[in-house]
Amino acid sequence: MSHETTLNQDEHHADHPTGLARWLFTTNHKEIGTLYLVFSLVMFLLGGAMAMVIRAELFVPGLQMVNPEFFNQMTTMHALVMIFGAVMPAFVGLANWMVPLMIGAPDMALPRMNNWSFWILPFAFTILLMPLVLGLFGIGSGGPASGWTLYPPLSLQGGTNIAFVIFAIHLMGVSSIMGAINIIVTILNMRAPGMTLLRMPLFVWTWLITGFLLIAVMPVLAGAVTMLLTDRFFDTSFFNAAGGGDPVMYQHIFWFFGHPEVYIMILPAFGIVSEILPTFSRKPLFGYTSMVYATASIAFLSFIVWAHHMFTVGMPLGGNIFFMYATMVIAVPTGVKVFNWVSTMWRGSMTFETPMLFALAFIVLFTIGGFSGLMLAIVPADFQYHDTYFVVAHFHYVLVTGAVFAIMAGVYYWLPKWTGYMYNEKLGKIHFWISAISVNVLFFPQHYLGLAGMPRRIPDYAVQFAEFNMISSIGGFVFGLAQLIFVYIVWQAARGGERATGQVWEGARGLEWTVPSPAPLHTFDTPPKVDDSVTTHADRLV
Amino acid sequence: MKRTNELIVALAVMAVIIVVTWGLFAVGDNMPGGVTPFSKDVYQLHNVILAVVTVIGVLVFTAMFTSIVVHRKSKDHEPAKFSHSTAAEITWTAIPVLILVIMAIPATRVLIDMEDTGGADINIKVTGYQWLWQYEYLEDGVSIYSTLDRESNRARQIGSGVDVRTVENYLLEVDNRLVLPTNTKIRFLLTSGDVIHSWWVPDLGWKRDAIPGMVNEAWTLIEEEGVYRGQCAELCGKDHGFMPIVVEAVSPEEYRQWIESRSSQQAADNADEPADVQQVSAADELAANAEQG
């Protein structure tokens, strides 16, 4: 297959539109990867701005800035924008850029679909954000305010804004499914000769598995929100008890999507960290094979733990016990991963460039998020933790210091390969240290708040929660501002600086480092020969 | 030589991590122990699992930071070549499994205990509305509505000019408290009149969703007299943050007196006014009809 695509290379390389047309019509995996990453960065800043509104309102008790209705719109939109706009597109962007380079393929398998799956996103988010933006100008009832989970009957109470959210989710789903198909097909069909499945870099493995998760669950979400749509506008009663429906059924369907979704946002992060650690430890990844099996086990388990998000809805005893045990089991493969990462570092020869710093912070802070996750699995204790700030702290530890830190580690790691210039290492380290400290000031006190009894999604709180909320808000403002340093670093590295070599990092191994920096628009037109000497892990070398 | 080096660093690193961990525990709040047998069980489970993850965390982070201190290029550390060890991987799969099994046993026991709502002396029906709670004492036909108290409600408005710190129990006070007897098994039947709410008083040790069209069950047995405060825990619209729950636990004798005064007052109210004016809910109507008939 890869031979066919290389046959007419001169012909399809000839046409190079410039300006806007270049980006609109591009089918090149590197350009589409860049589009995804830039889009994700814009969404990250937008979602972050919403978080700033939330933390500003919660800075002191009492309502000062926004009314409760708008506050609820902020929490709802912050989650939707961050999950579907920032984290997921960032991983797809990284996959677009790096998967073909890592497996020695000339491009993605389905380049036109690749273009389409990106260009759906700006339209999807325009639709998603429209009710909120119009609301700011006094048109309509504002954005959705029922939380990103859109639980009925609350989500059906609002105005017609729910229709915008649902249509936007459908579009994002189409985009995600096409992206996932593309990545799976590329990985399964376009690997260079000798790049066997068990020689693939771990980032490629985690994305292969993530791709299957996406295909499996995005249609489930689409189904759930479509039922919401018909309940709201066409008088069906899927979730309306008065009409014979069941509001809890929505939660089951939603979380059957929602839990695998959690792993969609963390498995590629595992992959990135597994690439970075060996490079800066100058030592092969420890336990490559068990890493692959652990990833697959986590993916499988993600399908049978969904109801741990709803222990308080009144499930039968047997249901609660099953979901408790299944959830606890996830700690085992996740533990294997953490132990393997520490073993990778052990007796290595480490240096601490920015990507490594973010990867190390990922391991520590993601593990803390994993610990609180294990606590949340204990059903009787969950009766206390559920829907409090303890949960908010938990999922921000796994999503911000987990997924987002891994994305930043990946960006610093591969940025010289993309732009051909080294980023400013000193600024990178400053960005890291400010982020790593402030993010803990931001989220760690939220554990205390939750344990002390503060529910989540409230715009105002009793005065005994004042101290930790203020500390958390200060951490939030610093963390938010620190990300502007990141934007500056990326912008600077895109424009110039110290030239990067093809190898970039002393300890880096893998096909992506065998091409020059910046990676030319077309790479691996002739497939490279792959043996153990170029793989990142070299498990079989010893 | 190198091994001693690692060991010394590891001990120092562990000391630092333990001090940091101790500090994190010292400055923050922990879960309340509560006033029911169940809440105390939950508190104990919480502390055990917290201790387990803390010990694991200290060990893992000690190994990690020891490596960061010792195995660095700037100290000319030569990288080792090993890339797997089946024995190690089996060990660190098996030990967590063992820990989880040990954790699962008490968790399951406490959970089974919570599910056993039989043998209750009093049944209370809790109905969530946007944004207040209705409590019906099913045996005595008493029904009360419980809303955020007036002072908090005034202070919470934007531009109210009231310093909320001067309001006693800001956002955690209601007009009518849920009065319950101590040392009595009380069963709750929870439902909702509109959207999903969640009834939560931390000192009782649990929360349970109040869902329209469904009736959830839970129970409690309060061992100490006192006032226990909580809030709605499931997002239920714009005033989700403003529908507190206040339980006043009194001795069974005091409780009887309160119920009697309340039900005679309620009967008087119903007799005074024509039934079609005062119908707040179907439940009230039923209770009124029963008394008049």
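The rules we used
Residues numbered from 1 in each chain as written. Chains lettered and ligands numbered in written order. Predicted model: local features only at pLDDT ≥ 70, side-chain atom pairs only at ≥ 80, totals over all residues. Heavy atoms only, no water. UniProt positions renumbered as here; feature names shortened; annotations may be inferred. Helix = DSSP H or I, 4+ residues; strand = E, 2+ residues; numbered from the N terminus. Rg over C-alpha atoms; globule rule 2.2 N^0.38 Å. Buried < 20%, exposed > 50% of the residue type's maximum accessible area, 1.4 Å probe, protein only. Contact = heavy atoms within 4.5 Å. Salt bridge = Lys/Arg side-chain N within 4 Å of Asp/Glu carboxyl O. Phe/Tyr/Trp six-rings, centres within 6.5 Å; stacked < 30°, edge-to-face > 60°. Lys NZ or Arg CZ within 6 Å of the ring centre and 35° of its normal. Axes fitted to C-alpha atoms, helices over the stretch in contact; angles between N-to-C directions. Parallel < 35°, antiparallel > 145°, perpendicular 65-115°, else oblique. Left-handed = near helix turned anticlockwise from the far one by under 90°. Nonpolar A, V, L, I, M, F, W, Y, C, P; charged D, E, K, R; others polar.

Going by an unreviewed UniProt entry, chain B carries the name Cytochrome c oxidase subunit 2 and comes from Wenzhouxiangella sediminis. Entered under Sequence similarities (unreviewed entry) in the UniProt record, the comment concerning chain B runs "Belongs to the cytochrome c oxidase subunit 2 family." If you open the UniProt record of chain B and go to Function (unreviewed entry), you find "Subunits I and II form the functional core of the enzyme complex. Electrons originating in cytochrome c are transferred via heme a and Cu(A) to the binuclear center formed by heme a3 and Cu(B)."

The name given to chain A in an unreviewed UniProt entry is Cytochrome c oxidase subunit 1, and the organism recorded there is Wenzhouxiangella sediminis. The UniProt entry for chain A carries the following text under Pathway (unreviewed entry): "Energy metabolism; oxidative phosphorylation." Taken directly from UniProt, the Sequence similarities (unreviewed entry) text for chain A runs: "Belongs to the heme-copper respiratory oxidase family."

A.B. asks: Could you give me a rundown of the overall build of chain B, with the residues and numbers involved?
C.D. replies: Looking only at helices and strands, chain B features seven helices and ten strands. Against the globule reference of 19 Å for 293 residues, chain B gives a C-alpha radius of gyration of 27 Å, more extended than a compact globule. Summarising its shape, the C-alpha atoms of chain B cover approximately 95 × 50 × 35 Å along the three principal directions. Counting the 293 residues in chain B, one finds 46% classified as buried.

A.B. asks: An account of the environment of A:Val515 is requested, with residue identities and associated values reported.
C.D. replies: Residue and element names in this part refer to chain A. Within the fold, Val-515 resides in the segment after helix H18 (466-495). Accessibility expressed as a relative area gives 8% for Val-515, which makes it buried. As for Val-515 and Leu-101, which are separated by 414 residues in sequence, their C-alpha atoms are 8.5 Å apart. Once residues within four sequence positions are removed from consideration, Val-515 is found in contact with Leu-101, Lys-417, Gly-502, Thr-523 and Phe-524.

A.B. asks: For the pattern of salt bridges, give the residues involved together with the corresponding values.
C.D. replies: Enumeration over the complete set of coordinates arrives at 16 salt bridges over all chains. A salt bridge links B:Glu6 to A:Arg347, with the shortest nitrogen-to-oxygen separation between them at 2.9 Å. Note that B:Glu6 is positioned in helix H1 (residues 2-27) and A:Arg347 in the loop between helix H13 (317-345) and helix H14 (354-377), a pairing that runs across two chains. The partly exposed category is assigned to A:Arg347, whose relative accessible area is 21%. A single network of salt bridges, built from pairs that share partners, joins B:Glu173, B:Arg177, B:Arg229 and B:Glu248.

A.B. asks: An account of the UniProt feature "domain: Cytochrome oxidase subunit I profile" (unreviewed entry) in chain A is needed here, citing residue identities and associated values.
C.D. replies: According to UniProt, the feature "domain: Cytochrome oxidase subunit I profile" (unreviewed entry) maps to residues 23-531 of chain A in the numbering used here. Annotated as 70% helix and 0% strand, the span residues 23-531 of chain A places its first and last C-alpha atoms 35 Å apart.

A.B. asks: So what's going on with the UniProt feature "transmembrane region" (unreviewed entry) in chain B? Which residues, and what values?
C.D. replies: Residue and element names in this part refer to chain B. Per the UniProt record, the feature "transmembrane region" (unreviewed entry) sits at residues 7-28, 48-70 and 90-112. Helix makes up 95% of residues 7-28 and strand makes up 0%, while its end C-alpha atoms are separated by 32 Å. In residues 90-112, the share of helix is 100% and the share of strand is 0%. The end C-alpha atoms are 33 Å apart.

A.B. asks: Please set out the packing of aromatic side chains residue by residue, giving values where relevant.
C.D. replies: The full count for this structure, using the stated rule, is 53 aromatic pairs over all chains. Between A:Tyr413 and A:Trp505, the ring centres sit 6.3 Å apart and the planes meet at 10°, which makes this aromatic pair stacked. Of the two residues, A:Tyr413 sits in helix H16 (residues 389-419) while A:Trp505 sits in the segment after H18, which places them 92 residues apart along the sequence. Here the two residues A:Tyr413 and A:Trp505 agree in accessibility, since each one is buried. Summarising the aromatic geometry, the rings of A:Tyr448 and A:Phe468 are spaced 4.9 Å apart at their centres and angled 45° between planes, so their arrangement reads as tilted. With A:Tyr448 in helix H17 (residues 425-452) and A:Phe468 in helix H18, the pair connects residues that are 20 residues apart, well separated along the chain. A:Phe468 carries the same exposure label as A:Tyr448, and that label is buried. Looking at B:Lys185, its charged tip hangs above the ring of B:Trp219, at a distance of 4.3 Å from the centre. Over the ring of A:Phe383 we find B:Arg208; its NZ or CZ atom is 4.9 Å from the centre of that ring.

A.B. asks: Could you give an account of the packing of helix H11 (residues 267-281) of chain A against helix H12 (residues 288-301) of chain A, with specific residues and numbers?
C.D. replies: Residue and element names in this part refer to chain A. Viewed as axis vectors pointing N to C, H11 and H12 meet at an angle of 165°, and their least axial separation amounts to 11 Å. Accordingly, the angle class assigned to the pair H11 and H12 is roughly antiparallel. Handedness of the H11/H12 crossing: right-handed. Residue-level inspection shows Leu-267, Phe-270 and Ser-274 of H11 in contact with H12, the latter providing Met-291, Thr-295, Ile-298 and Ala-299. Within the contact of H11 with H12, the residues separate by chemical class into five nonpolar, two polar and no charged.

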